[in-house]
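Listed below, chain by chain, are the residues.
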Amino acid sequence: MYKIKTGEEFEGAIHEAIRAGYRHFDTAKIYGSEEALGREIQKSGIPREQLFITSKVWTTGFGYEATKRAFEQTCKKLKVAYLDMYLIHFAGPHYLEAWRAMEELYSEGKIKVIGVANFEIDHREHIRKLFIK
């Protein structure tokens, strides 16, 4: 669904997915669908705790403060107070600072699961060696 960003086709697809029982939604800043997804989820009336929402920080949101701002913007667009999963979309400059910010957001209970997507093994190992005990 990442190629369908907004409009009636997107809204209809989300509406039908919710009606059919879908409760996991995966989006990202770069997909351009966070606001529309947030609206459709709100319209559904499904309690937030019954949904699993994943989003991803894009390279323009890398860095400690930038990642925190990107997270807040994502939550605002989705109309949620927390994310079930937040991922670094792929390795780019300052991804280590992004990870540090995500760990803090996780510790604060604002993200339930943190992780990475589209990473090479070397990048994952670098995070593991620096941050994961």
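Structure first, text after, so check above.
Residues numbered from 1 in each chain as written. Predicted model: local features only at pLDDT ≥ 70, side-chain atom pairs only at ≥ 80, totals over all residues. Heavy atoms only, no water.

Draft legend 1. Local environment of the overall build of the protein chain. Assigned secondary structure in the protein chain consists of five helices and four strands. Counting helices and strands in the order they occur from the N terminus, the protein chain gives α-β-α-β-α-β-α-β-α. Oriented by its inertia axes, the alpha-carbon framework of the protein chain measures out at about 45 × 30 × 25 Å. For the protein chain, the residues scored as buried account for 43% of the 133 residues in total. (Helix = DSSP H or I, 4+ residues; strand = E, 2+ residues; numbered from the N terminus. Buried < 20%, exposed > 50% of the residue type's maximum accessible area, 1.4 Å probe, protein only.)

Draft legend 2. Expanded view of the packing of aromatic side chains. What the rule picks out here adds up to three aromatic pairs. Between Trp58 and Phe90, the ring centres sit 5.0 Å apart and the planes meet at 80°, which makes this aromatic pair edge-to-face. Of this pair, Trp58 sits in the loop between β2 (52–57) and α3 (64–78) while Phe90 sits in the loop between β3 (83–88) and α4 (95–107), placing them 32 residues apart in sequence. Judged by centre distance (5.5 Å) and plane angle (90°), the ring pair of Tyr95 and Phe119 falls under edge-to-face. Separated by 24 residues along the polypeptide, Tyr95 in helix α4 and Phe119 in the loop between β4 (111–116) and α5 (121–131) bring together distant segments of the chain. (Phe/Tyr/Trp six-rings, centres within 6.5 Å; stacked < 30°, edge-to-face > 60°.)

Draft legend 3. Fine view of the packing of α4 against α5. Packing of α4 against α5 leaves a shortest axis separation of 11 Å and a crossing angle of 50°. In this view, α4 runs oblique relative to α5, as classed from their interaxial angle. By crossing handedness, the relation of α4 to α5 is classed as right-handed. Between α4 and α5, the residues in contact are Tyr95, Leu96, Trp99, Arg100 and Glu103 and His123, His126, Ile127, Leu130 and Phe131, respectively. Across the contact of α4 with α5, the residue classes tally to six nonpolar, two polar and two charged. (Axes fitted to C-alpha atoms, helices over the stretch in contact; angles between N-to-C directions. Parallel < 35°, antiparallel > 145°, perpendicular 65-115°, else oblique. Left-handed = near helix turned anticlockwise from the far one by under 90°. Contact = heavy atoms within 4.5 Å. Nonpolar A, V, L, I, M, F, W, Y, C, P; charged D, E, K, R; others polar.)

Draft legend 4. Inspection of the nonpolar core at higher detail. Ranked by internal contacts, the top residues of the largest apolar core, which has 31 residues, are Phe25, Leu83, Tyr86 and Ile88. Contributing elements (two or more residues each) for this core: α1 (7–19), α2 (34–44), β2, α3, β3, α4 and β4. At five residues, α4 tops the list of elements feeding residues into this core. Residue contacts for Ile88: discarding those within four places in its chain leaves Val57, Phe62, Tyr95, Ala98, Trp99, Met102, Gly115, Val116, Ala117 and Phe119. (Core = buried A, V, L, I, M, F, W, Y, C linked by side-chain atoms within 4.5 Å.)

Draft legend 5. How the structure looks around the pairing of β4. Two strands pair when backbone bridges link them, and β3 and β4 are joined in this way by five bridges, in the parallel orientation. Bridging from a neighbouring strand, Leu87 pairs with Gly115 of β4. (Pairing = 2+ DSSP bridges.)

Draft legend 6. Main features of the packing of α2 against α3. Packing of α2 against α3 brings their axes to within 7 Å, and their N-to-C directions diverge by 40°. The angle between α2 and α3 places the two elements in the oblique class. Between α2 and α3, the residues in contact are Glu34, Glu35, Leu37 and Gly38 and Thr74, Lys77 and Leu78, respectively. Here the residues of the contact of α2 with α3 sort into two nonpolar, two polar and three charged.

Draft legend 7. Examining the side chain of Thr67 more closely. Following the sequence through the fold, Thr67 ends up in helix α3. Take Thr67: its relative accessible area is 0%, and that puts it in the buried class. In contact with Thr67, not counting residues within four places along its chain, are Gly61, Phe62, Tyr86, Ala98, Ala101 and Met102.

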